[in-house]
Amino acid sequence: MPLNGIQQVSSIKINQNPYQKLEVNQTKTSFANVLQGYLQQVDQTVKQASNLSVLAATGQIENIHDVTIASQKAKIALELTVTVRDKAVEAYHEMMRMQI
């Protein structure tokens, strides 16, 4: 029921701390698992582009746009992977040059 144009919100409790931590059931993933998942996706993208290219070469595919799009996705994924690898190696070398 509106009270002076404002509806009451029943989910807010009077003495509730809005900054309290809430337990959320989230699965914790490690950096290695995230990296492995990304690399598997890149590998799958490259394999898909390769398979579509073979189908296009044998004349079994009608829409060449799908082949072009898959090839560009694979190219961008590989470029991103190489860039991330280069940055990680650069960061490692920088840490190795640090004096303790």
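Residues numbered from 1 in each chain as written. Predicted model: local features only at pLDDT ≥ 70, side-chain atom pairs only at ≥ 80, totals over all residues. Heavy atoms only, no water.

A.B. asks: Help me understand the nonpolar core, please; the structure alone is not making it clear to me.
C.D. replies: Side chains of nonpolar character tend, in soluble globular proteins, to be buried together. Among the nonpolar cores identified, the biggest contains five residues, and these are Ala 49, Leu 52, Val 67, Ala 70 and Ala 74. Where this core is concerned, the elements lending two or more residues are α1 (31-57) and α2 (64-97). Per-element accounting of this core gives the leading share, three residues, to α2. Excluding anything up to four places from it in sequence, Ala 74 contacts Thr 45, Val 46 and Ala 49. (Core = buried A, V, L, I, M, F, W, Y, C linked by side-chain atoms within 4.5 Å. Buried < 20%, exposed > 50% of the residue type's maximum accessible area, 1.4 Å probe, protein only. Helix = DSSP H or I, 4+ residues; strand = E, 2+ residues; numbered from the N terminus. Contact = heavy atoms within 4.5 Å.)

A.B. asks: When you look at the packing of α1 against α2 in this model, what are you seeing that I'm missing?
C.D. replies: Two numbers describe a pair of packed helices, the interaxial angle and the distance between the axes. It is the contact of α1 with α2, at a shortest axis distance of 8 Å, that shows an interaxial angle of 150°. When the axis of α1 is compared with that of α2, the two are roughly antiparallel. By crossing handedness, the relation of α1 to α2 is classed as left-handed. Facing α1, whose interface residues are Tyr 38, Leu 39, Val 42, Thr 45, Val 46, Ala 49, Leu 52, Ser 53 and Ala 56, α2 presents Ile 64, Asp 66, Val 67, Ala 70, Ser 71, Lys 73, Ala 74, Ala 77, Leu 78, Leu 80 and Thr 81. Class assignment for the residues of the contact of α1 with α2 results in 14 nonpolar, four polar and two charged. (Axes fitted to C-alpha atoms, helices over the stretch in contact; angles between N-to-C directions. Parallel < 35°, antiparallel > 145°, perpendicular 65-115°, else oblique. Left-handed = near helix turned anticlockwise from the far one by under 90°. Nonpolar A, V, L, I, M, F, W, Y, C, P; charged D, E, K, R; others polar.)

A.B. asks: Mind showing me how you'd approach the pattern of salt bridges here?
C.D. replies: Opposite charge on two side chains makes pairing possible when the charged atoms of those side chains draw close. Applying the stated criterion to the full structure yields three salt bridges. When the shortest N-O distance is used, the salt bridge between Asp 43 and Lys 47 registers 3.2 Å. Here Lys 47 and Asp 43 lie together in helix α1, a separation of four residues that amounts to about one turn. Owing to a relative accessible area of 48%, Lys 47 belongs among the partly exposed residues under this scheme. (Salt bridge = Lys/Arg side-chain N within 4 Å of Asp/Glu carboxyl O.)

A.B. asks: I would appreciate a short explanation of α2 in the present structure.
C.D. replies: The end-to-end C-alpha distance of α2 is 50 Å, a good match for the 50 Å that 34 residues give at a rise of 1.5 Å each. Those residues of α2 that are buried are in contact with α1. The opening residue of α2, the one whose side-chain oxygen lies 3.1 Å from the backbone nitrogen of His 65, is Asn 63. (Expected span 1.5 Å × (residues − 1). Polar contact = N/O pair within 3.5 Å; in protein donor to acceptor, adjacent residues only side chain to side chain.)

A.B. asks: What's the story with the side chain of Thr 81 in this structure? I'm lost.
C.D. replies: Position of Thr 81 among the secondary structure elements: in helix α2. Thr 81 has contacts with Tyr 38, Leu 39 and Val 42, leaving out every residue within four places of it along the chain.

A.B. asks: Just checking my understanding: could you explain α1 for this structure?
C.D. replies: Side chains that are three or four residues apart share a direction in an α-helix, a result of its 3.6 residues per turn. With 27 residues, α1 ought to run about 39 Å at 1.5 Å a step, and its terminal C-alpha atoms sit 39 Å apart, in line with that. Among all positions in α1, only Val 42, Ala 49 and Leu 52 are buried. Where α1 is buried, its residues contact α2. Directly beyond the C-terminal end of α1, a positive phi value near 80° is found at Gly 59.

No statement about biological role is implied by the geometric values presented.
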